[in-house]
Amino acid sequence: MFCGSGVCSCLSDFVAISGYCWPKVNPGESGCIEDLQCEAVWPAARCSLAGMCECPPKTASHPEDHHLPNWVNQTIKDEIWRLYDLCCTFLYSTNILARLRAGPLFAEILNRMKSKVQNTLDSREKFYAYSAHDTSVASILAAFGIFPEAFPLYATLVLVEMHQKEGQNIVRIFYKNETDQPEMFEYEIPGCKTPCTLEKLEEVRKHVIPLNWESECGLVNWYDIEADTYLYIIVILSLVCILLTLQMVNMTLANRRFHKALKGGYKSQSRRRLLDVEEEDPYPE
């Protein structure tokens, strides 16, 4: 127990029960006497008669076993799965969808392979794994131009391998869509006949690599730019304002000089006319 400023409280590993501090007990451990010792660790946990904390009884709002209606026969099941697979193909059926949904991951895989070829990758790195949902698996396959007839199931595996053979870097793709069978099969990459080299793969699938993913997805607003870019814009606008100001000043001065010269010309002509009149003889012989 810890006391300070006239107030006493239990340490973090203890719980207050009837004015005393009792140690907290984790579910599955023994040493409890009161239920609150277990509940302080896990809500609704209880202390058994044997002095062991037990997890709360499992509850469910509905039975765990689900049964299809009697009218759902095998024919209807097959049709449901067919429509499901067909519907899912629309998620990545175009190049723009594959580019935006899987382009960054596809580019990362290619860049890692190129780094391996250029010996800029850690030599100890032999295998790189991703854990993803079925939609992510389908999207990366679409980035390679591969569209399986059946949408990826649970525990689907995609292997992208690079082999060095006869001075070439060959890319191969293996696919496993059955969890209860050990077999897997190899896909041929569309547009890149076997053996598909890394250079050829990048050439035929470069259209699915986004140049600026956030911008192409519409996630960047016109004002979402780097601080340096703002500085460049301010400098350019300042120079434009200075040039316009100088141009306006120059035009104003030129206009004043013009009017001054024009006014001076009128005075000279008037004086010349006056002198001509004075020099004339009013009484010619």
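Residues numbered from 1 in each chain as written. Predicted model: local features only at pLDDT ≥ 70, side-chain atom pairs only at ≥ 80, totals over all residues. Heavy atoms only, no water.

Going by the annotation in an unreviewed UniProt entry, the name recorded for the protein chain is EB domain-containing protein, with Acrobeloides nanus given as the source organism. The UniProt entry for the protein chain carries the following text under Sequence similarities (unreviewed entry): "Belongs to the histidine acid phosphatase family." For the protein chain, the Catalytic activity (unreviewed entry) comment in UniProt is given as "a phosphate monoester + H2O = an alcohol + phosphate". (UniProt positions renumbered as here; feature names shortened; annotations may be inferred.)

(A) Broad picture of helix α3 (residues 95–117). With 23 residues, α3 extends only 28 Å from end C-alpha to end C-alpha; this falls clearly short of the ideal 33 Å at 1.5 Å per step. The largest bend in α3 comes to about 70°, at Ala102, with the proline Pro104 one to four residues further on. Buried within α3 we find Ala98, Arg99, Ala102, Gly103, Phe106, Ala107, Ile109, Leu110, Arg112 and Met113. (Helix = DSSP H or I, 4+ residues; strand = E, 2+ residues; numbered from the N terminus. Expected span 1.5 Å × (residues − 1). Bend = angle between axes of the 7 residues up to and from the residue. Buried < 20%, exposed > 50% of the residue type's maximum accessible area, 1.4 Å probe, protein only.)

(B) Molecular detail of the sheet that holds strand β8 (residues 168–176). Strand order in the open sheet formed by 3 strands is β7-β8-β9, with antiparallel pairing between adjacent strands. The sheet is open, and its two borders are formed by β7 (157–165) and β9 (185–187), each paired with just one other strand. Averaged over all pairs of adjacent strands, the angle between strand axes in this sheet comes to 40°, irrespective of strand direction. When β7 meets β8, the two strands line up antiparallel, connected through 9 bridges. By the bridge assignment for β8, Glu161 is matched with Arg172. Most of the contacts of α3 go to β7, to which it runs at about 25°, and overall it touches β7 and β8. (Pairing = 2+ DSSP bridges. Axes fitted to C-alpha atoms, helices over the stretch in contact; angles between N-to-C directions. Contact = heavy atoms within 4.5 Å.)

(C) Region of interest: the nonpolar core. The biggest cluster of nonpolar side chains holds 20 residues, and the ones touching the most others in it are Phe106, Ile140, Phe144, Val171, Ile189 and Leu201. At the level of elements, α3, α4 (134–143), β8 and α5 (198–204) are the ones that each hand at least two residues to this core. Looking at which element gives the most residues to this core, the answer is α3, with 5 residues. When sequence neighbours within four positions are dropped, the list of residues in contact with Ile140 reads Ala102, Leu105, Phe106 and Ile109. (Core = buried A, V, L, I, M, F, W, Y, C linked by side-chain atoms within 4.5 Å.)

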